[in-house]
Amino acid sequence: MSGPVAVVLDATALAAYVDGQLAVGELIAEVAEEDRTVGVPAVCLAAAYAAASSEVSAALLTLLTTTPAVTVLPLGAEPGVDDARQVGVLARTAGGDIALGHAARTAIAHQAHLATTSPGPAAAVLPTGWSILDLSQ
Amino acid sequence: MTLKVRVHQGTARLRRAGIEVTDAGKARWRDRLAAPIPPEALAEGQRILDEAA
């Protein structure tokens, strides 16, 4: 990881990247130029792989994780249950969406912006006023 | 390795990953990234994590 995590991509952002949405690449490039890092929560990456409709899509996701400014952030980096419980509690607010729970937990823990194409569900999980970067615009 | 070289290499890797970017596109995010997350939101986020831990 080259610098602090500035932005966290949720599963919808990863899907948008696979679909070729330019905004995702522009965001990653800007973060890289600022010598900061884009965080990809492992559960979001797993969800994106699960939703990948072809080998090409899966390969694009793998390639994304090799870019210097992108780092995959594991669930449960430390021993214990705290991370899993926090993700679960946040996911409960998101109707059981574990990937969004992990994205929100990661954004809060790193004090980072959350990038998504679905700002509504993200806003429901994150504290009021949290920075949400809407990639759908 | 200078920052300029690292940025160039990073851009090349992004291109291999299918990402073509423009300066105008990046500028769109610059202001948003510079805006800090409000302290009240940070405090609320920490409270949520502490309660759930």
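Quick look at the structure, then. (Residues numbered from 1 in each chain as written. Chains lettered and ligands numbered in written order. Predicted model: local features only at pLDDT ≥ 70, side-chain atom pairs only at ≥ 80, totals over all residues. Heavy atoms only, no water.)

## Some points on the sheet that holds strand S2 (residues 37–41) of chain A
Here comes step 1: Across the sheet, which stays open at both edges, the five strands sit in the order S3-S2-S1-S4-S5 (chain A) with parallel pairing between neighbours. This sheet does not close on itself; its edge strands, each paired only once, are strand S3 (70–73) and strand S5 (132–134) of chain A. Taking each pair of neighbouring strands and ignoring which way they run, the sheet shows an average axis angle of 30°.
Here comes step 2: Pairing between strand S4 (residues 113–116) of chain A and S5(A): three bridges, direction parallel. Looking across to S5(A), one finds that A:Leu114 is bridged to A:Ile132.
Here comes step 3: Most of the contacts of helix H6 (residues 98–110) of chain A go to strand S1 (residues 5–9) of chain A, to which it runs at about 170°, and overall it touches S1, S2, S3 and S4 of chain A.
Here comes step 4: Set on the sheet, helix H2 (residues 23–34) of chain B makes contact with S1, S4 and S5 of chain A; between it and S5(A) the angle comes to about 165°. (Pairing = 2+ DSSP bridges. Helix = DSSP H or I, 4+ residues; strand = E, 2+ residues; numbered from the N terminus. Axes fitted to C-alpha atoms, helices over the stretch in contact; angles between N-to-C directions. Contact = heavy atoms within 4.5 Å.)

## Concerning the packing of helix H3 (residues 42–51) of chain A against H6(A)
Residue and element names in this part refer to chain A.
Here comes step 1: Two numbers describe how H3 lies on H6: the axes approach to 7 Å, and their chain directions differ by 145°. The two elements H3 and H6 meet at a crossing, and its hand is left-handed. Counting all contacts with H3, which are made through Ala42, Val43, Cys44 and Ala47, the residues of H6 involved are Ile98, Ala99, His102 and Ala103. (Left-handed = near helix turned anticlockwise from the far one by under 90°.)

All we've got here are geometric facts, nothing functional implied.
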